[in-house]
Amino acid sequence: MAITNGKLINVASAEIYPADVAIKDGHIVAIGDVSHCIGPDTVIHDAQGRYLAPGLIDGHLHVECSKLSVTSFAKLVVPLGTTSIVSGLDQILVVAGLDGSRHFLDEANAGPLTIHWGAPCKTPYTMPRSTVGHYFSPADHRVAQEWPECVGVWETVREFIQEEDEDVLEALEIAQKNKLPVFGCAPMCRGHKLASYVSAGVRLDHESYTVEETLEKLRNGMFVVVRESSISHFLKENIQVATKLAPKASHRVSFCTDDVVATDVLRRGHVDNMVRMAIAEGVSPIEAIQMATINSAVAYRIDHKVGLIAPGRQADILLVDSPESFRVEEVVAKGELVARGGKMVKTLVPPHRPAFLTDTVKAKPVSAADLEVRSDTGAVKVLAMNMSLDVPFVRNRRDAVLKVREGIVAPDVTQDILYVTVVERYGKTTNRPVAFVSGFGLKRGAMATSTAPDDNNIVCIGANTADMAVAINWIIEKGGGQAFVEDGKVVVGLELPIGGIVSDIEPEEMAVKEDALDAAARAAGCTLDWPFMNMFVLSITAIPEYAITDIGAIDCVGLKAFDPVLEKI
């Protein structure tokens, strides 16, 4: 193929000029005057004066948290210009091990979306360690770091370095021998803790909550990855590092979305939206495009493969209306025209899903009595993890007094104190601890999910145990999914049969289901914008200050389980 009559956005030289592009076997072989490459069998694609930009790179993405398979996710983001993602595939890894990750990588290799795979530092990321289907170990690293898709060690949680986790340190030593970089995860990390963390060889981080934190990480030698997820809106805050605090260091700033859902992407866009947002905040168009392409490629040391339109690179090329408005009109991925006008023109068919991916929920059904908190006094003081209104995902402490009726410590919707439980779903234990959560505002019913990083056990929140049991058992019966239950009936259910975490359904269909699930929760009183997203991250112990896993309620600062019933009254 030869793309002619275009204006090349050269992110390497920061220039825009007329140039043609020659493509052979999925790679760029020449730019500029490519007449010497054109033969009788060359397909000529006339750009009609449009601008040619490199395919966009999402620098840190848990693709499975979209609840879409790799094929379905490609249908969602490739038409918007995202042709590469850096992902650990850590969610399918904890469910189905290396075979699960290999299946997803092979699926990506057969389609238009390229996955640059980071081998997770270990799984699960939880501290203390929760129960999962597969524990990713140093022995796995010795195998997986040799895979051609492996570009480094992924999601190196700061607490693992702080606590000198032997498995993680060994994984970093293996990476050092393989000359692979280390990618971080260090929310709210500053001062001497940051110095210690960077000393371990961590190259970049995507978890800054303020621009001051972003600048400090930049000053300490890290590449900084600005995040704009469906629920965590940090771009406007953190892009100020490039517009105000350190504008000459913009080349060390790149983009990621981390966790997105179809509902949001179909409304706002993906990495293309981040380009437009950065421009609106004062970043020049060429710098914003660099942040979405070459800056990310350099940070992840994959710029010899992707990130710019230049010889030897994969032919991921976008035809956009202008650098200023940055609307993607056509997408060439791996040398093939695959999307036009926001829609795929190439048909994508998911692969056959083997049984080890579709039979992963081994938990036995639960009863309402299994989910009760009991006490022999008239009242108890409890610690509820409270959803922060200031910082997405963060859970702080809220103490409350709950009445005990017939020996049961009941939730109290008038105080916005609900039950929350995690049911271990791999069949290795019978763990199903119950704690308390505040901030959801739910007045009735229950909501549950089996896609729940970082261990993908079943998380359920409810105003009563009867509805909670129905929601959990529906997910067990379906082999994975999300559900909202009221008065014993499943109001909305989403089946997630692949690993219990994703589906092959179309993105538009997923968006309809997501809207319906969140609408059902809001109709029952939930006050959060994204009810199910806020619920499915409650097991992440890397987010302060409290979490819950199948081990129990977790103090994320002290890194230990605790009894949420503080005292009897």
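Residues numbered from 1 in each chain as written. Predicted model: local features only at pLDDT ≥ 70, side-chain atom pairs only at ≥ 80, totals over all residues. Heavy atoms only, no water.

S.K.: Looking at this structure, I do not really get the UniProt feature "domain: Adenine deaminase C-terminal" (unreviewed entry) in the chain. What am I missing?
M.R.: In this structure's numbering, the residues bearing the UniProt feature "domain: Adenine deaminase C-terminal" (unreviewed entry) are residues 395–556. Note that residues 395–556 is 23% helix and 34% strand, and that its end C-alpha atoms are spaced 10 Å apart. (UniProt positions renumbered as here; feature names shortened; annotations may be inferred. Helix = DSSP H or I, 4+ residues; strand = E, 2+ residues; numbered from the N terminus.)

S.K.: Can you help me understand empty space enclosed by the protein in this one?
M.R.: In this structure the tally under the stated criterion is 6 cavities of 30 Å³ or more. Considering only enclosed or pocket space, the largest cavity measures out at about 200 Å³ in volume. If you trace the largest cavity, you find 19 residues lining it, with His-62, Glu-155, Glu-207, Ile-540 and Ile-543 closest to the centre. A domain split of the lining of the largest cavity shows at least three residues from each of domain 1 (54–306) and domain 2 (357–568). The volume enclosed by the second largest cavity comes to roughly 80 Å³. Breaking the lining of the second largest cavity down by element, the ones donating at least two residues are α16 (507–523) and α17 (531–536). Classifying every residue of the lining of the second largest cavity gives 6 nonpolar, 1 polar and 3 charged. (1 Å grid on protein atoms, 1.4 Å probe; cavity = no way out; pocket = protein on both sides within 12 Å on 5 of 7 lines; lining within 4 Å. Points joined across faces, edges and corners; volume = space filled by probe spheres on them. Domains from an automatic or database assignment. Nonpolar A, V, L, I, M, F, W, Y, C, P; charged D, E, K, R; others polar.)

S.K.: How should I be thinking about the nonpolar core in this particular structure?
M.R.: Residues Trp-117, Phe-255 and Phe-440 are the most contacted members of the largest nonpolar core, which totals 163 residues. Looking at which element gives the most residues to this core, the answer is helix α2 (residues 90–109), with 9 residues. A domain split of this core shows at least three residues from each of domain 1 (54–306) and domain 2 (357–568). Other than its neighbours up to four places away in sequence, Phe-440 contacts Met-387, Asp-416, Leu-418, Ile-461, Gly-525, Cys-526, Thr-527, Leu-528, Pro-531, Asn-534, Met-535 and Leu-538. By size, the runner-up hydrophobic cluster in this structure holds 31 residues, among which are Leu-371, Ile-417, Phe-436 and Trp-474. (Core = buried A, V, L, I, M, F, W, Y, C linked by side-chain atoms within 4.5 Å. Buried < 20%, exposed > 50% of the residue type's maximum accessible area, 1.4 Å probe, protein only. Contact = heavy atoms within 4.5 Å.)

S.K.: Explanation requested: the packing of aromatic side chains in the structure shown.
M.R.: Working definition: an aromatic ring pair is given by the centre-to-centre distance plus the angle between the planes. A full pass over the atoms with the stated rule returns 5 aromatic pairs. With centroids separated by 4.9 Å and ring planes inclined at 35°, the aromatic side chains of Tyr-209 and Phe-234 adopt a geometry described as tilted. With Tyr-209 in the loop between β11 (202–205) and α7 (211–219) and Phe-234 in the loop between β12 (223–227) and α8 (235–238), this pair connects stretches of sequence that are 25 residues apart. Like Tyr-209, the residue Phe-234 is buried in the burial classification. (Phe/Tyr/Trp six-rings, centres within 6.5 Å; stacked < 30°, edge-to-face > 60°.)

S.K.: Is there a simple way to explain the pattern of salt bridges in this structure?
M.R.: Working definition: two side chains of opposite charge can pair if their charged atoms are close together. Inspection of every chain in the model, using the stated rule, returns 30 salt bridges. The salt bridge involving Asp-376 is made with Lys-568; its shortest N-O contact spans 3.0 Å. Of the two residues, Asp-376 sits in the loop between β18 (373–374) and β19 (379–387) while Lys-568 sits in strand β31 (residues 565–568), which places them 192 residues apart along the sequence. Linked through salt bridges whose partners overlap, the residues forming this network are Arg-50, Glu-329, Glu-330 and Arg-340. (Salt bridge = Lys/Arg side-chain N within 4 Å of Asp/Glu carboxyl O.)

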